[in-house]
Amino acid sequence: MIIEKSPLKGLMAVEWVMMAYLLATSVFIMVTYTSLPNPGMMVWTRVQALLVTVALWGVYRMMPCRLTTLFRIIGQFSLLSLWYPDTYELNRVFPNLDHLFAGCEQTIFGCQPSLTFSEVFHWPVFSELMTMGYVSYFPLFAGVAMFYFIWRYDKFERATFVILTSFFIFYVIFIFLPVAGPQFYFKAIGVEQAAAGIFPDLKDYFGLLAFKEYDPQFSLTIPGCQDGFFYHLLELTHAAGERPTAAFPSSHVGVTTVAMWLAWESRNRWLFCICLPFAVLLFFSTFYIQAHYAIDAIAGIFVGTAFYFILRFAYDFIKK
């Protein structure tokens, strides 16, 4: 390990972003404390995030090198597993908006693609391709980040700043825009009503659920080949942290779009060409498995593109 000659003394840019998110949501918790089901646990989550960040910064200060820099970034990626389900706990205080988005979907397409897509293309091979695309989400953006660490280290911090800050902005959107997605909303209202274009306003239905961890009784059965390898992987990812939240815009598509722009920026055609098929599959899989409305996925492309250019500019401006 080569010790850096001019180590960073303070926090990395993305760590400051995490701290800002932690502080802002802590204020939100204090303001809505009596309306939240688990405010004490949410505060403890923030204490854990703070301790992890400070500990990894301390390790880096003792041995400032590429490896400890990587540990700091991995730490922030790992904390996403806390921040994602946390958005559901926070947006419970607002009324659900799925009826508006399902209605918009019906107006645009004349149907619900999340219902018809899997019904028309139901073959096991196609199903496995879709679920493979969906579960490739984490390997895809993590793989792009690791490519920058190994082969474009001078741009590694900026690349991970863009990816991770995109997550935090998405999470802010999800807090104030509570949309659960077809898998939860259609289960609540009944698939027959959804297919008929009837979308009742559930108001605070999801906010009142005793939803401490993923419970299949509150969501539709994932369509596709239930004996498939990737289908089982998808079930495991849902069981690990899925919640009735974060539907619009699709962060899966948005962050994948950010990763694709970074792959293009790397000027490595192999990286881009390897990632592209998985990104395409992921786009369609979001509404094939009924996790999102089609408009969520479409919006994810535009929002992800905007985040890439804005955050890349913001990072360069900060570092000047």
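Whatever comes next refers back to the structure up there.
Quantities reported herein were computed from a predicted structural model and do not represent experimental measurements.

> How should the pattern of salt bridges be read in this particular structure?
Side-chain pairs of opposite charge can arise where the charged atoms are in close proximity. The tally for this structure, following the rule as stated, stands at 7 salt bridges. Arg-158 is the salt-bridge partner of Glu-265, the closest N and O atoms lying 2.0 Å from each other. Here the residue Glu-265 occupies a position in helix H12 (residues 251–265), and Arg-158 occupies one in helix H8 (residues 156–176), the gap between them amounting to 107 residues. Each member of the pair, Glu-265 as well as Arg-158, is classed as buried.

> How should helix H5 (residues 113–120) be read in this particular structure?
Since the α-helix advances by 3.6 residues per turn, residues separated by three or four positions end up pointing in the same direction. Taken together, the buried positions of H5 are Pro-113, Ser-114, Leu-115, Phe-117 and Ser-118. Turning to H5, the residues buried within the fold contact helix H4 (98–109), helix H6 (124–135), helix H9 (182–189), helix H10 (191–195), helix H13 (269–288) and helix H14 (294–319).

> Explain the environment of Ala-263 to me, please; I cannot follow it from the model alone.
Counting through the fold element by element, Ala-263 comes out in helix H12. Owing to a relative accessible area of 1%, Ala-263 belongs among the buried residues under this scheme. Measuring from C-alpha to C-alpha, the distance between Ala-263 and Ala-24 comes to 32 Å, with 239 residues separating the pair along the chain. Leaving out residues up to four positions away in the same chain, Ala-263 has contacts with Val-144, Asn-268, Leu-271 and Phe-272.

> How do you make sense of a nonpolar patch on the surface when you look at a structure like this?
Together, Ile-3, Val-59, Met-62, Met-63, Leu-67, Phe-71 and Ile-74 give the surface a local cluster of nonpolar side chains, amounting to about 620 Å² of exposed area. Among the secondary structure elements, those contributing two or more residues to the nonpolar patch are helix H2 (39–62) and helix H3 (66–91).

Cut-offs applied
Residues numbered from 1 in each chain as written. Predicted model: local features only at pLDDT ≥ 70, side-chain atom pairs only at ≥ 80, totals over all residues. Heavy atoms only, no water. Salt bridge = Lys/Arg side-chain N within 4 Å of Asp/Glu carboxyl O. Helix = DSSP H or I, 4+ residues; strand = E, 2+ residues; numbered from the N terminus. Buried < 20%, exposed > 50% of the residue type's maximum accessible area, 1.4 Å probe, protein only. Contact = heavy atoms within 4.5 Å. Patch = residues over 30% accessible without salt bridge, like charges linked within 9 Å, V, L, I, M, F, W, Y side chains within 5 Å. Areas by Shrake-Rupley, 256 points an atom, 1.4 Å probe, with all protein chains shown as cover.

Bear in mind that shape data such as this cannot, by itself, settle questions of function.
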